[in-house]
Amino acid sequence: MYAKFHSIGAYVPSKVLSNEDLEKMVETSNEWILKRTGIKERRIAGDNEVTSDMATKASKIAIERAGLEVTDIDLVVCTTVTPDYFNMPATACIISDKLGIKNVQAFDISAACSGFVYALSIAKAFVESGMKKHVLIVGAEKFSSIVDYTDRSTCILFGDGAGAAVISATNDKSEAFIDVHASADGSYADFLVTPAPGSIHPVSQKVIDEGLNFVQMKGNETFKLAVKTLTKDVKNILAKNAINSEDIPHFIPHQANYRIIKAVGDALKMREDQVVVTVHKYGNTSAASIPMAINDIYESGRLKKGELMLLDTFGGGLTWASALLPFAGETL
Ligand code: ACO
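Residues numbered from 1 in each chain as written. Predicted model: local features only at pLDDT ≥ 70, side-chain atom pairs only at ≥ 80, totals over all residues. Heavy atoms only, no water.

Draft legend 1. Local environment of the side chain of E49. Structurally, the position occupied by E49 is in the loop between β3 (41–44) and α3 (51–65). Accessibility expressed as a relative area gives 13% for E49, which makes it buried. Looking at E49, its side chain comes within polar contact range of the side chain of Y11, at 2.4 Å. Those residues in contact with E49 that sit more than four places away from it in its chain are Y11, P13, M54, K57 and K142. (Helix = DSSP H or I, 4+ residues; strand = E, 2+ residues; numbered from the N terminus. Buried < 20%, exposed > 50% of the residue type's maximum accessible area, 1.4 Å probe, protein only. Polar contact = N/O pair within 3.5 Å; in protein donor to acceptor, adjacent residues only side chain to side chain. Contact = heavy atoms within 4.5 Å.)

Rendered as structure tokens:
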């Protein structure tokens, strides 16, 4: 039994937060943000719109595009660092309920921006072992809920959104995942951290006073490590599977910063038409970034059945992951 990437869906909130809007909130400029990150605008969820709402909308599209009923799904994995509840229940359980899926295994994983590719590796293992047939994986973030909109070094970067995919069993090897690789190095944990709430800092007045509930990032150090790690990871997965970078029609890197994407693409000698870029319109949507980018090229007609995708991502933990797989869904 093999695992195939059966379908993709995404949801993007309607509210736009532009660089010009941010100019009115913190000491920054459209020019600085564009030059340093490539981001023009990002989307922000509505006040009453939570992570599971966005995830459910993306999931419905993915399930429908796979030609399945919600009752066909036998595992739900949600990857997020902005769950509906920080402790319990898992957002995957809430998504299952909102979709009307009963009595299936459902859990969350936390791997920050690498979460979607981590979830792919989990879905692959469950499907290949024969334990599950149709796994729904969802990357969803209401990142605006952990951003300090007075901190110019982080608030310009992040946005909200969700992307979902159905990973299904197949006997056809030509449709199957080629490879997934996921890794982590906790010695860099302090590069990207949301200090509270957690067992180190349970909610307290100190948490509120010191803003420990907001994301903190060592931006410059993260930037340098991201370029190095992403490049190495892609080189490894291509070499391991004897595939040349020029033979990849769709290189889909994590959308954190256009300069990172460009540096990695150049190091791999990728042509511009191979590299998928959505960071200008959505910013960094963490675990939702990769599936939102896949959905973008799918809906614009660029991604067709059978075409090879190379995914490459990097995030808090630190975590990183890459995947090489054909798109096995129907062309839109
Ligand atoms: N507007 C204007 N000036 C700013 C802003 C801003 N929004 N933010 C920072 N600056 C200033 C700094 O204060 C600093 O000023 P100084 O020289 O007077 O001290 C100067 O700009 C340079 O700051 P740097 O942090 O060195 O700028 P850099 O070029 O590194 O860009 C950025 C910052 C955009 C954050 C970049 O480092 C980056 O993208 N890092 C990687 C982020 C990333 O990949 N994250 C990984 C995944 S995220 C996840 O897992 C959730």
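Draft legend 2. The site of the ligand, seen in detail. In the vicinity of the ligand lie 28 residues, with T28, R36, C113, N220 and N257 positioned nearest. Side-chain polar atom of T28 to a nitrogen atom of the ligand: 2.7 Å apart, as the coordinates give it. Measuring from a nitrogen atom of the ligand, one finds a backbone N or O atom of G219 at 3.0 Å. The fraction of the free accessible surface of the ligand (1000 Å²) that becomes covered by protein chains is 75%. When contributions to the shell around the ligand are tallied by element, the ones reaching two or more residues are α2 (30–37), α6 (152–155), α8 (219–240), α9 (258–267) and β12 (308–315). (Near = heavy atom within 4 Å. Areas by Shrake-Rupley, 256 points an atom, 1.4 Å probe, with all protein chains shown as cover.)

Draft legend 3. Spotlight on unusual backbone geometry. Here the amide bond leading from M88 into P89 is cis, since omega sits at 0°, within 30 degrees of zero. Inspection of the secondary structure puts P89 in the loop between β4 (75–79) and α4 (91–99). In this model, A196 is joined to P197 through a cis peptide bond whose omega is 0°. Positive phi values are uncommon outside glycine, yet N103 reaches one of about 55°. In this structure, K269 is a non-glycine residue whose phi angle is positive, near 60°. With respect to the element layout, K269 can be found in the loop between α9 and α10 (279–282). Residue classification places K269 among the exposed residues on the basis of a relative accessible area of 70%.

Draft legend 4. Highlighting the packing of aromatic side chains. Tallied over the entire structure, the rule returns four aromatic pairs. When the ring of F143 is compared with that of F158, the centres are 4.2 Å apart and the planes differ by 15°; the resulting orientation is stacked. Within this pair, whereas F143 is found in the loop between β6 (134–141) and α6, its partner F158 is found in the loop between α6 and β7 (161–170), the two being separated by 15 residues in sequence. By relative accessible area, F158 is classed as buried at 4%. Taking the centre distance of 5.2 Å and the plane angle of 55° together, the rings of Y298 and F327 count as tilted. With a gap of 29 residues between them, Y298 in helix α11 (residues 289–299) and F327 in the segment after β13 (319–326) connect regions that are remote in the sequence. For Y298, a relative accessible area of 4% gives the class buried. Taken together, F5, Y298 and F327 form an aromatic cluster joined through their ring pairs. (Phe/Tyr/Trp six-rings, centres within 6.5 Å; stacked < 30°, edge-to-face > 60°.)

Draft legend 5. A look at the domain arrangement of the chain. Partitioning the chain into structural domains gives domain 1 (2–174) and domain 2 (179–326). With centres defined by C-alpha atoms, the gap from domain 1 to domain 2 works out at 14 Å. Residue-level contacts link 47 residues of domain 1 with 45 residues of domain 2. Between domain 1 and domain 2, a total of about 3600 Å² is buried, with carbon and sulfur atoms accounting for 67% of that surface. Our count for the contact surface shared by domain 1 and domain 2 stands at one salt bridge. (Domains from an automatic or database assignment. Buried area = accessible area lost by both parts, 1.4 Å probe. Salt bridge = Lys/Arg side-chain N within 4 Å of Asp/Glu carboxyl O.)

Draft legend 6. Spatial organisation of the pattern of salt bridges. Taken as a whole and judged by the stated rule, the model has 13 salt bridges. A salt bridge links D179 to K240; the nearest nitrogen and oxygen atoms lie 2.8 Å apart. Of this pair, D179 sits in strand β8 (residues 179–184) while K240 sits in helix α8, placing them 61 residues apart in sequence. On the accessibility criterion, D179 (9% relative accessible area) is buried. Here K240 falls in the exposed class, since its relative accessible area comes to 62%. Notably, a salt bridge pairs R271 with D273, separated by 3.0 Å at the nearest N-O pair. The class of D273 is partly exposed, set by a relative accessible area of 48%.

Draft legend 7. Up close: the sheet that holds β6. Here five strands make up an open sheet; going across it, the order is β1-β7-β6-β4-β5 and the pairing mixed. One side of each edge strand has no neighbouring strand; the edge strands of this open sheet are β1 (2–11) and β5 (105–109). Each neighbouring strand pair of the sheet contributes to a mean axis angle of 20°, computed without reference to strand direction. Bridging between β4 and β5 involves five bridges; their strand directions are parallel. Pairing of L75 across the sheet is with Q105, part of β5. Its contacts with the sheet place α11 against β1 and β7, and it is angled at close to 85° to β1. (Pairing = 2+ DSSP bridges. Axes fitted to C-alpha atoms, helices over the stretch in contact; angles between N-to-C directions.)

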